[in-house]
Amino acid sequence: MKRMTILALLLALGLAHADERADKREDLSLLVPARTIAVAQFNDLGGMARWMEESALGRIWAEPEVQKFARGMEQSIQKAVDNSQGGFDPLAMIGLQHKDLDGIELQELGFALVDFEFAGGQPKVDLVLTARFRAGAEQGTKVIHAIRDGLQTFVGVVFEPVEMRHPTWKANIGNGMEVLYSVWGDRFILTTSADRMDLVM
């Protein structure tokens, strides 16, 4: 559960610092299978909530089992807040300060939920998250690597480099799932499948 919480925080971090403008957007829908449940590319974050409610992803989120899991995540976060001294700051836990995010802006943000199943009380997802920095790419890369190191230190998720066209790291996170991320230049990609990474990259 803690591992899924950290992944959710990573996604939230990307959404919170996305820029509304996207001048050059790739069509993510052409890079994922036709059976994909939901695909979105955001350049209007104000419309994201409306899209979520109306999309297949929003309907999955409303499922009782998923809501039960989400409530468990919320309780875990609240417990961490209650047990922490001086407040719960996930950035500080991994050696970052809020000022480290200054100047980081995303030009593009894409998300695809290819497949989803709920088994044994844990979700198993096949997803893609893509982003392109408009500014602060170098600092953004440092933040991403700091999050990776924090996952290893506090959650035990170990990312190891794998050979692909661009620098890529992979970790097994349990429940038969793996996570890969790649960051180079102004690009960032996160997937839950090596084959998917190769296609999207």
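Criteria and thresholds
Sequence positions are assigned chain by chain, starting from 1 and proceeding in written order. Reporting of local features is limited, given that this is a predicted model, to residues whose pLDDT is at least 70; pairs of side-chain atoms are given and counted only at 80 or more, and all residues count toward the totals for whole chains, interfaces and linings. Hydrogens and water are ignored here; the side-chain numbers use all heavy atoms of the structure. Secondary structure elements follow DSSP: runs of H or I no shorter than four residues count as helices, runs of E no shorter than two count as strands, and numbering proceeds from the N terminus. The contact criterion used throughout is that any non-hydrogen atoms of two residues lie within 4.5 Å. The method behind every accessible area is Shrake-Rupley, applied with a 1.4 Å probe, and residues are considered shielded solely by the protein chains displayed. We call Phe, Tyr and Trp rings a pair once their centres come within 6.5 Å, taking the six-membered ring for Trp, and we label the pair stacked below 30 degrees between planes, edge-to-face above 60, and tilted otherwise. Residue exposure (1.4 Å probe, protein chains only): buried if accessible area is under 20% of the type maximum, exposed if over 50%, otherwise partly exposed. We define the nonpolar core as a collection of buried residues of types Ala, Val, Leu, Ile, Met, Phe, Trp, Tyr and Cys that are connected through side-chain atoms lying within 4.5 Å of one another. For every residue, the predictor assigns a confidence score, pLDDT, that lies between 0 and 100. Here, strands pair whenever DSSP counts at least two bridges between them.

Structural notes on the overall build of the protein chain
Reasoning step 1: Scanning the protein chain for helices and strands turns up 7 helices and 7 strands.
Reasoning step 2: Along the protein chain, from the amino end to the carboxyl end, the secondary structure elements read α-β-α-α-α-α-β-β-α-β-β-β-β-α.
Reasoning step 3: Pairs at least 24 residues apart make up 57% of the contacts formed inside the protein chain by residues separated by at least 6 positions.
Reasoning step 4: When the accessible surface of the protein chain is summed, it comes to about 11200 Å², and 52% of that surface belongs to carbon and sulfur atoms.

A word on the packing of aromatic side chains
Reasoning step 1: Scanning the model with the defined rule gives 3 aromatic pairs in all.
Reasoning step 2: Centre to centre, the rings of tryptophan 169 and tyrosine 181 are 5.2 Å apart; their planes meet at 15 degrees, and the pair counts as stacked. Note that tryptophan 169 is positioned in strand S5 (residues 168-174) and tyrosine 181 in strand S6 (residues 177-184), a separation of 12 residues in sequence. You'll find tryptophan 169 and tyrosine 181 in the same group, each marked buried.
Reasoning step 3: Consider the rings of tyrosine 181 and phenylalanine 188, whose centres lie 6.4 Å apart with planes at 40 degrees: the pair is tilted. You'll find tyrosine 181 and phenylalanine 188 in the same group, each marked buried.
Reasoning step 4: Taken together, the aromatic side chains of Phe159, Trp169, Tyr181 and Phe188 make up a single cluster linked through ring pairs.

Section: the nonpolar core
Reasoning step 1: Ranked by internal contacts, the top residues of the largest apolar core, which has 35 residues, are Phe133, Val157, Phe159, Tyr181 and Phe188.
Reasoning step 2: Elements that contribute at least two residues to this core include exactly strand S1 (38-42), strand S2 (105-119), strand S3 (122-135), helix H6 (137-155), S5, S6 and strand S7 (187-191).

Quick word on the confidence of the model for the protein chain
Any residue range with low pLDDT should be treated as having predicted coordinates unsuitable for detailed reading.
Reasoning step 1: For the protein chain, mean pLDDT is 77; residues scoring 70 or higher make up 76% of the total.
Reasoning step 2: Model confidence for the protein chain, summarised as mean pLDDT per element, is weakest for helix H1 (residues 2-16) at 46 and strongest for strand S4 (residues 160-162) at 95.
Reasoning step 3: Segment residues 1-25 is flagged for pLDDT under 50; beyond a separation of four residues in sequence, or across chains, it makes 57 contacts in the model.

Digging into the pairing of S3
Reasoning step 1: Most of S3 is tucked away: 10 of the 14 residues are buried.
Reasoning step 2: Strand direction decides the pairing type here: S2 and S3, joined by 13 bridges, are antiparallel. Residue pairing for S3: alanine 119 is matched across the bridge by glutamine 122.
Reasoning step 3: Hairpin geometry of S2 and S3 is characterised by an intervening segment of 2 residues between the two adjacent antiparallel strands and by a positive phi of about 65 degrees at glycine 120.
Reasoning step 4: In this sheet, S7 lies alongside S3 in antiparallel orientation, the contact comprising 5 bridges. Within S7, the residue paired with alanine 131 across the bridge is phenylalanine 188.

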